[in-house]
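# Structure at a glance
So the chains spell out like this:
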Amino acid sequence: MPSPSQQVRVVHLPPAVLDALAAGDLAAANEASPVPLGPVCLDPGWRQIWAVRSEQVAKTPDDGPWVTGVVVDERTGTVVGQAGFHGQPDERGMVEVGYEIDPALRRRGYARATLEALVRRAAAEPGVTVVRASISPDNVASNALTQSFGFAQVGEQWDEEDGLEILFELDPRAWVEQARWEQRLAEVWVSLDDVADDDPEGEEAFRARVDEVVAERTADDGVAAFERGCAFDSTGQSDRAVPLYREALAAGLTGVRRRRAVIQLASSLRNLHRSPESLALLLAERDNGSDGLDDALAAFLALTLVDVGREREALTVALTALAPHLPRYQRSVARYAQALVEPG
(Lines give C-alpha, C1' and ligand atoms only; values in the text may rest on other atoms or scores of the structure.)
Protein backbone atom coordinates (compact mmCIF):
# COMPACT_ATOMS: atom_id res chain seq x y z
CA MET A 1 0.00 0.00 0.00
CA PRO A 2 2.20 2.86 -1.26
CA SER A 3 1.88 6.15 0.61
CA PRO A 4 0.36 8.96 -1.45
CA SER A 5 2.90 11.31 -2.98
CA GLN A 6 0.53 14.26 -2.58
CA GLN A 7 -1.29 15.87 0.34
CA VAL A 8 -4.87 16.82 -0.41
CA ARG A 9 -8.14 17.62 1.34
CA VAL A 10 -11.67 17.35 0.05
CA VAL A 11 -13.61 20.58 0.57
CA HIS A 12 -17.40 20.28 0.43
CA LEU A 13 -19.12 23.27 -1.13
CA PRO A 14 -22.12 25.33 0.08
CA PRO A 15 -25.34 25.03 -1.95
CA ALA A 16 -24.81 28.50 -3.45
CA VAL A 17 -21.47 27.40 -4.89
CA LEU A 18 -22.94 24.22 -6.34
CA ASP A 19 -25.71 26.28 -7.93
CA ALA A 20 -23.27 28.77 -9.45
CA LEU A 21 -20.96 26.07 -10.81
CA ALA A 22 -23.90 24.23 -12.32
CA ALA A 23 -24.87 27.48 -14.05
CA GLY A 24 -21.31 28.01 -15.29
CA ASP A 25 -20.82 31.20 -13.28
CA LEU A 26 -17.29 30.89 -11.87
CA ALA A 27 -17.22 34.43 -10.49
CA ALA A 28 -20.38 33.89 -8.45
CA ALA A 29 -19.08 30.52 -7.27
CA ASN A 30 -15.85 32.09 -6.04
CA GLU A 31 -17.73 34.74 -4.09
CA ALA A 32 -19.30 32.03 -1.91
CA SER A 33 -16.59 29.36 -2.06
CA PRO A 34 -14.38 28.55 0.95
CA VAL A 35 -11.45 27.94 -1.45
CA PRO A 36 -10.38 29.55 -4.76
CA LEU A 37 -11.92 27.77 -7.74
CA GLY A 38 -10.23 27.61 -11.13
CA PRO A 39 -11.51 27.21 -14.71
CA VAL A 40 -11.26 23.42 -14.52
CA CYS A 41 -14.32 23.53 -12.26
CA LEU A 42 -16.36 24.48 -15.33
CA ASP A 43 -15.27 21.46 -17.33
CA PRO A 44 -18.44 20.15 -19.04
CA GLY A 45 -18.23 16.81 -17.23
CA TRP A 46 -17.76 18.54 -13.90
CA ARG A 47 -20.68 20.89 -14.55
CA GLN A 48 -22.96 17.89 -14.99
CA ILE A 49 -21.90 16.66 -11.57
CA TRP A 50 -22.44 20.08 -9.99
CA ALA A 51 -25.92 20.17 -11.51
CA VAL A 52 -26.80 16.76 -10.07
CA ARG A 53 -25.44 17.64 -6.63
CA SER A 54 -27.11 21.06 -6.65
CA GLU A 55 -30.50 19.46 -7.22
CA GLN A 56 -29.75 16.68 -4.72
CA VAL A 57 -28.78 19.05 -1.91
CA ALA A 58 -31.83 21.20 -2.57
CA LYS A 59 -34.04 18.16 -2.04
CA THR A 60 -31.99 16.53 0.74
CA PRO A 61 -29.95 19.16 2.63
CA ASP A 62 -28.39 16.51 4.90
CA ASP A 63 -26.46 15.20 1.88
CA GLY A 64 -24.58 18.50 1.65
CA PRO A 65 -21.61 17.56 3.88
CA TRP A 66 -21.17 14.29 1.96
CA VAL A 67 -21.57 14.97 -1.74
CA THR A 68 -19.00 16.03 -4.31
CA GLY A 69 -16.66 18.85 -3.40
CA VAL A 70 -13.30 19.97 -4.69
CA VAL A 71 -9.93 18.34 -4.09
CA VAL A 72 -7.38 20.91 -2.94
CA ASP A 73 -3.61 20.45 -3.00
CA GLU A 74 -2.54 21.27 0.55
CA ARG A 75 0.81 22.66 -0.59
CA THR A 76 -0.39 24.97 -3.36
CA GLY A 77 -3.99 25.64 -2.36
CA THR A 78 -5.17 24.95 -5.90
CA VAL A 79 -8.06 22.75 -6.97
CA VAL A 80 -6.76 19.56 -8.58
CA GLY A 81 -9.96 17.53 -8.80
CA GLN A 82 -13.47 16.92 -7.55
CA ALA A 83 -14.48 14.15 -5.15
CA GLY A 84 -16.94 13.10 -2.50
CA PHE A 85 -19.63 10.56 -1.76
CA HIS A 86 -22.90 10.00 -3.57
CA GLY A 87 -24.75 10.90 -0.40
CA GLN A 88 -24.99 10.18 3.31
CA PRO A 89 -24.76 6.58 4.56
CA ASP A 90 -27.61 4.26 3.58
CA GLU A 91 -29.38 1.80 5.92
CA ARG A 92 -26.42 -0.60 5.93
CA GLY A 93 -23.93 2.20 6.58
CA MET A 94 -22.63 2.23 3.00
CA VAL A 95 -21.27 5.31 1.22
CA GLU A 96 -20.13 5.32 -2.40
CA VAL A 97 -17.08 7.30 -3.49
CA GLY A 98 -16.66 9.28 -6.66
CA TYR A 99 -13.64 11.29 -7.76
CA GLU A 100 -11.98 12.77 -10.83
CA ILE A 101 -8.63 14.51 -11.15
CA ASP A 102 -7.93 17.42 -13.50
CA PRO A 103 -6.75 15.70 -16.73
CA ALA A 104 -3.70 17.98 -16.82
CA LEU A 105 -2.60 16.71 -13.39
CA ARG A 106 -3.15 12.98 -13.68
CA ARG A 107 -0.50 10.31 -12.99
CA ARG A 108 1.00 12.45 -10.21
CA GLY A 109 -0.46 10.68 -7.19
CA TYR A 110 -3.53 12.87 -6.72
CA ALA A 111 -6.04 10.07 -7.30
CA ARG A 112 -4.41 7.86 -4.65
CA ALA A 113 -4.26 10.72 -2.17
CA THR A 114 -7.89 11.61 -2.85
CA LEU A 115 -9.15 8.07 -2.39
CA GLU A 116 -7.19 7.80 0.85
CA ALA A 117 -8.75 11.04 2.12
CA LEU A 118 -12.23 9.71 1.35
CA VAL A 119 -11.60 6.36 3.03
CA ARG A 120 -10.16 8.03 6.13
CA ARG A 121 -13.17 10.36 6.30
CA ALA A 122 -15.48 7.35 6.08
CA ALA A 123 -13.55 5.52 8.81
CA ALA A 124 -13.98 8.52 11.11
CA GLU A 125 -17.76 8.58 10.66
CA PRO A 126 -19.61 6.37 13.23
CA GLY A 127 -22.46 5.73 10.81
CA VAL A 128 -20.26 4.34 8.03
CA THR A 129 -19.37 0.66 7.83
CA VAL A 130 -18.74 0.15 4.10
CA VAL A 131 -17.17 2.20 1.32
CA ARG A 132 -18.22 1.30 -2.21
CA ALA A 133 -16.70 2.15 -5.60
CA SER A 134 -18.42 1.41 -8.92
CA ILE A 135 -16.01 1.39 -11.86
CA SER A 136 -16.25 0.62 -15.57
CA PRO A 137 -14.32 -2.53 -16.54
CA ASP A 138 -12.50 -0.40 -19.14
CA ASN A 139 -11.15 2.04 -16.56
CA VAL A 140 -7.86 0.23 -16.00
CA ALA A 141 -6.26 2.92 -13.81
CA SER A 142 -9.20 3.22 -11.40
CA ASN A 143 -9.61 -0.54 -11.16
CA ALA A 144 -5.92 -0.96 -10.33
CA LEU A 145 -6.01 1.85 -7.76
CA THR A 146 -9.14 0.51 -6.07
CA GLN A 147 -7.75 -3.01 -5.83
CA SER A 148 -4.41 -1.75 -4.52
CA PHE A 149 -6.35 -0.26 -1.59
CA GLY A 150 -7.83 -3.67 -0.80
CA PHE A 151 -11.33 -3.11 -2.18
CA ALA A 152 -12.98 -6.48 -2.88
CA GLN A 153 -15.17 -7.09 -5.91
CA VAL A 154 -18.72 -7.82 -4.76
CA GLY A 155 -20.78 -7.73 -7.94
CA GLU A 156 -21.84 -5.79 -11.01
CA GLN A 157 -24.52 -3.29 -11.95
CA TRP A 158 -25.82 -1.59 -15.06
CA ASP A 159 -25.84 2.21 -14.97
CA GLU A 160 -28.11 4.00 -17.46
CA GLU A 161 -25.43 6.58 -18.23
CA ASP A 162 -22.17 4.68 -17.71
CA GLY A 163 -23.15 1.14 -18.72
CA LEU A 164 -21.66 -1.90 -16.99
CA GLU A 165 -19.90 -1.18 -13.69
CA ILE A 166 -17.95 -3.46 -11.36
CA LEU A 167 -18.79 -3.01 -7.68
CA PHE A 168 -16.03 -2.96 -5.08
CA GLU A 169 -16.40 -2.58 -1.30
CA LEU A 170 -14.06 -1.92 1.61
CA ASP A 171 -14.28 -1.82 5.41
CA PRO A 172 -12.77 1.65 6.07
CA ARG A 173 -11.79 1.02 9.69
CA ALA A 174 -10.04 -2.22 8.78
CA TRP A 175 -8.24 -0.29 6.06
CA VAL A 176 -7.01 2.33 8.54
CA GLU A 177 -5.70 -0.40 10.84
CA GLN A 178 -3.99 -2.03 7.88
CA ALA A 179 -2.47 1.31 6.88
CA ARG A 180 -1.01 1.73 10.37
CA TRP A 181 0.50 -1.75 10.17
CA GLU A 182 1.92 -1.00 6.72
CA GLN A 183 3.49 2.18 8.07
CA ARG A 184 5.24 0.29 10.88
CA LEU A 185 6.48 -2.26 8.36
CA ALA A 186 7.70 0.50 6.02
CA GLU A 187 9.70 2.04 8.87
CA VAL A 188 11.44 -1.31 9.43
CA TRP A 189 12.31 -1.56 5.75
CA VAL A 190 13.78 1.94 5.77
CA SER A 191 16.11 0.81 8.57
CA LEU A 192 17.74 -1.68 6.17
CA ASP A 193 19.50 1.27 4.52
CA ASP A 194 21.56 1.64 7.70
CA VAL A 195 22.81 -1.95 7.58
CA ALA A 196 26.13 -2.52 5.79
CA ASP A 197 26.43 -5.34 3.27
CA ASP A 198 29.14 -7.02 5.36
CA ASP A 199 27.20 -6.86 8.64
CA PRO A 200 25.54 -10.27 9.22
CA GLU A 201 24.51 -9.30 12.75
CA GLY A 202 22.80 -6.16 11.46
CA GLU A 203 21.03 -8.18 8.76
CA GLU A 204 19.85 -10.72 11.31
CA ALA A 205 18.55 -7.91 13.54
CA PHE A 206 16.70 -6.44 10.57
CA ARG A 207 15.04 -9.77 9.80
CA ALA A 208 14.06 -10.08 13.46
CA ARG A 209 12.34 -6.68 13.28
CA VAL A 210 10.44 -7.79 10.17
CA ASP A 211 9.38 -10.97 11.98
CA GLU A 212 8.17 -8.94 14.94
CA VAL A 213 5.90 -6.76 12.80
CA VAL A 214 4.53 -9.51 10.56
CA ALA A 215 3.79 -11.67 13.62
CA GLU A 216 0.98 -9.20 14.38
CA ARG A 217 -0.99 -10.42 11.36
CA THR A 218 -3.68 -12.96 12.10
CA ALA A 219 -5.00 -13.48 8.55
CA ASP A 220 -3.54 -16.46 6.71
CA ASP A 221 -3.30 -14.45 3.49
CA GLY A 222 0.35 -14.99 2.61
CA VAL A 223 1.47 -11.46 3.48
CA ALA A 224 3.60 -12.52 6.46
CA ALA A 225 5.37 -15.21 4.43
CA PHE A 226 5.93 -12.77 1.59
CA GLU A 227 7.48 -10.10 3.82
CA ARG A 228 9.74 -12.70 5.47
CA GLY A 229 10.78 -13.84 2.02
CA CYS A 230 11.58 -10.24 1.07
CA ALA A 231 13.72 -9.88 4.21
CA PHE A 232 15.82 -12.93 3.31
CA ASP A 233 15.99 -11.88 -0.35
CA SER A 234 17.16 -8.38 0.51
CA THR A 235 19.94 -9.73 2.72
CA GLY A 236 21.35 -12.09 0.11
CA GLN A 237 19.65 -15.36 1.08
CA SER A 238 17.71 -16.31 -2.03
CA ASP A 239 17.62 -19.98 -1.01
CA ARG A 240 15.58 -19.12 2.09
CA ALA A 241 13.40 -16.62 0.23
CA VAL A 242 12.18 -19.10 -2.42
CA PRO A 243 10.09 -21.37 -0.14
CA LEU A 244 8.57 -18.34 1.58
CA TYR A 245 7.50 -16.80 -1.73
CA ARG A 246 5.96 -20.13 -2.74
CA GLU A 247 4.16 -20.34 0.61
CA ALA A 248 2.80 -16.82 0.17
CA LEU A 249 1.47 -17.53 -3.32
CA ALA A 250 -0.07 -20.84 -2.20
CA ALA A 251 -1.87 -19.00 0.61
CA GLY A 252 -3.66 -16.80 -1.93
CA LEU A 253 -1.57 -13.62 -1.82
CA THR A 254 -3.39 -10.85 -3.70
CA GLY A 255 -2.88 -7.38 -5.12
CA VAL A 256 0.48 -5.87 -5.94
CA ARG A 257 2.19 -8.17 -3.43
CA ARG A 258 1.15 -11.19 -5.48
CA ARG A 259 2.86 -9.89 -8.60
CA ARG A 260 5.89 -8.81 -6.61
CA ALA A 261 6.09 -12.31 -5.16
CA VAL A 262 6.13 -13.84 -8.64
CA ILE A 263 8.80 -11.45 -9.91
CA GLN A 264 10.95 -11.85 -6.81
CA LEU A 265 10.55 -15.64 -6.79
CA ALA A 266 11.71 -15.70 -10.40
CA SER A 267 14.66 -13.46 -9.57
CA SER A 268 15.64 -15.63 -6.60
CA LEU A 269 15.46 -18.78 -8.74
CA ARG A 270 17.71 -17.08 -11.28
CA ASN A 271 20.19 -16.25 -8.51
CA LEU A 272 20.18 -19.95 -7.62
CA HIS A 273 21.02 -20.85 -11.26
CA ARG A 274 17.53 -22.18 -11.91
CA SER A 275 16.84 -19.91 -14.87
CA PRO A 276 14.48 -22.26 -16.77
CA GLU A 277 12.11 -22.23 -13.77
CA SER A 278 12.46 -18.47 -13.54
CA LEU A 279 11.69 -18.07 -17.25
CA ALA A 280 8.53 -20.18 -17.03
CA LEU A 281 7.22 -18.08 -14.13
CA LEU A 282 7.90 -14.76 -15.86
CA LEU A 283 6.42 -15.79 -19.20
CA ALA A 284 3.23 -16.95 -17.47
CA GLU A 285 3.02 -13.76 -15.42
CA ARG A 286 3.50 -11.57 -18.50
CA ASP A 287 0.21 -12.96 -19.82
CA ASN A 288 -1.54 -12.52 -16.47
CA GLY A 289 -2.67 -8.91 -16.74
CA SER A 290 -0.95 -5.55 -16.70
CA ASP A 291 -0.06 -3.04 -13.98
CA GLY A 292 2.65 -0.67 -12.82
CA LEU A 293 5.13 -3.56 -12.46
CA ASP A 294 5.12 -4.44 -16.17
CA ASP A 295 8.51 -2.82 -16.80
CA ALA A 296 10.05 -4.52 -13.78
CA LEU A 297 8.81 -7.87 -15.02
CA ALA A 298 10.24 -7.11 -18.46
CA ALA A 299 13.64 -6.31 -16.95
CA PHE A 300 13.86 -9.62 -15.10
CA LEU A 301 12.51 -11.48 -18.13
CA ALA A 302 15.24 -9.96 -20.32
CA LEU A 303 17.93 -10.98 -17.82
CA THR A 304 16.59 -14.52 -17.64
CA LEU A 305 16.39 -14.85 -21.43
CA VAL A 306 20.07 -13.98 -21.60
CA ASP A 307 20.80 -16.71 -19.06
CA VAL A 308 19.18 -19.34 -21.26
CA GLY A 309 20.91 -18.17 -24.43
CA ARG A 310 18.03 -16.23 -26.02
CA GLU A 311 19.80 -12.86 -26.29
CA ARG A 312 17.84 -11.46 -29.25
CA GLU A 313 14.56 -12.10 -27.45
CA ALA A 314 16.02 -10.47 -24.34
CA LEU A 315 16.89 -7.34 -26.31
CA THR A 316 13.41 -7.31 -27.84
CA VAL A 317 11.78 -7.46 -24.41
CA ALA A 318 14.04 -4.71 -23.02
CA LEU A 319 13.58 -2.35 -25.98
CA THR A 320 9.81 -2.91 -26.07
CA ALA A 321 9.60 -1.92 -22.40
CA LEU A 322 11.84 1.10 -22.98
CA ALA A 323 10.10 2.43 -26.10
CA PRO A 324 7.06 4.08 -24.41
CA HIS A 325 9.38 6.11 -22.16
CA LEU A 326 11.43 7.67 -24.98
CA PRO A 327 10.81 11.36 -25.76
CA ARG A 328 10.77 10.48 -29.48
CA TYR A 329 10.95 7.40 -31.74
CA GLN A 330 8.64 5.28 -29.60
CA ARG A 331 7.00 3.58 -32.58
CA SER A 332 10.26 3.13 -34.47
CA VAL A 333 12.04 1.50 -31.54
CA ALA A 334 9.06 -0.76 -30.86
CA ARG A 335 9.04 -1.88 -34.51
CA TYR A 336 12.80 -2.46 -34.59
CA ALA A 337 12.57 -4.42 -31.35
CA GLN A 338 9.95 -6.73 -32.80
CA ALA A 339 11.97 -7.19 -35.99
CA LEU A 340 14.79 -8.74 -33.96
CA VAL A 341 12.75 -11.91 -33.43
CA GLU A 342 10.65 -12.00 -36.59
CA PRO A 343 11.63 -14.58 -39.23
CA GLY A 344 13.58 -13.25 -42.18
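Description of the structure in this document.

## Section: the sheet that holds strand S5 (residues 130-135)
Spatial ordering of the open sheet is given by S1-S2-S3-S4-S5-S7-S6, a layout of 7 strands whose pairing is mixed. The open sheet has two free edges, formed respectively by strand S1 (8-11) and strand S6 (152-159), since each of these has just one partner strand. Ignoring which end each strand starts from, the neighbouring axes of this sheet average 30 degrees apart. The sheet contacts of helix H5 (residues 140-148) involve strand S4 (94-101), S5 and strand S7 (163-170), and relative to S5 the element is tilted by about 160 degrees.

## Brief notes about the side chain of Arg207
Turning to its location among the elements, Arg207 is positioned in helix H7 (residues 200-214). Buried Arg207, no salt bridge; nearest opposite-charge side chain is Glu203, N-O distance 4.5 Å. Sequence-distant contacts of Arg207, that is, excluding residues within four places in its chain, are made with Ala231, Phe232, Thr235 and Gln237.

## Some thoughts on the pairing of S4
Bridge count for strand S3 (residues 79-85) against S4 is 5 bridges, and the pairing is antiparallel. Opposite Gly84, over in S4, you have Gly98 as the bridge partner. Bridge count for S4 against S5 is 3 bridges, and the pairing is parallel. Following the sheet pairing, Glu96 is matched in S5 by Arg132. You can see the chain leave S4, run along helix H4 (residues 110-124) and come back into S5, and the turn it takes is right-handed.

## Describing the pattern of salt bridges
Considering all chains together, one arrives at 20 salt bridges under this definition. The residue Glu216 makes a salt bridge to Arg184 at a minimum N-O spacing of 2.4 Å. In this pair, Glu216 sits in the loop between H7 and helix H8 (223-233) while Arg184 sits in helix H6 (residues 172-191), placing the two residues 32 residues apart along the sequence. A relative accessible area of 41% places Glu216 in the partly exposed class. Among the charged side chains, a network of salt bridges with common partners joins Arg258, Arg259, Glu285 and Asp294.

## As for the pairing of S3
Look at any regular strand and the pattern is simple: side chains alternate between the two faces of the sheet. Here S3 lies mainly inside the structure; 7 of its 7 residues are buried. Bridge count between strand S2 (residues 69-73) and S3: 4 bridges; the pairing is antiparallel. If you follow Val72 over to S3, its bridge partner there is Val79. Counted along the chain from S2 to the antiparallel partner S3, the turn is 5 residues long, and its residue Gly77 has a positive phi close to 75 degrees.

## Thoughts on the side chain of Ser33
Turning to its location among the elements, Ser33 is positioned in the loop between helix H2 (26-32) and helix H3 (44-59). Ser33 sits in the buried class, given a relative accessible area of 14%.

## Examining the nonpolar core
Core analysis: the biggest nonpolar cluster contains 30 residues, and Phe85, Val95, Val97, Leu115, Phe151 and Trp175 have the highest contact counts within it. The set of elements that each furnish at least two residues to this core consists of S3, S4, H4, S5, S7 and H6. No other element matches the 7 residues that H4 contributes to this core. Setting aside anything within four residues of it in sequence, one finds Leu115 in contact with Val97, Tyr99, Leu145, Phe149 and Phe151.

Thresholds applied
Residues numbered from 1 in each chain as written. Predicted model: local features only at pLDDT ≥ 70, side-chain atom pairs only at ≥ 80, totals over all residues. Heavy atoms only, no water. Pairing = 2+ DSSP bridges. Helix = DSSP H or I, 4+ residues; strand = E, 2+ residues; numbered from the N terminus. Axes fitted to C-alpha atoms, helices over the stretch in contact; angles between N-to-C directions. Contact = heavy atoms within 4.5 Å. Buried < 20%, exposed > 50% of the residue type's maximum accessible area, 1.4 Å probe, protein only. Lys, Arg positive; Asp, Glu negative; His and termini not counted. Salt bridge = Lys/Arg side-chain N within 4 Å of Asp/Glu carboxyl O. Right-handed = clockwise from strand over helix to strand, strands pointing away. Core = buried A, V, L, I, M, F, W, Y, C linked by side-chain atoms within 4.5 Å.

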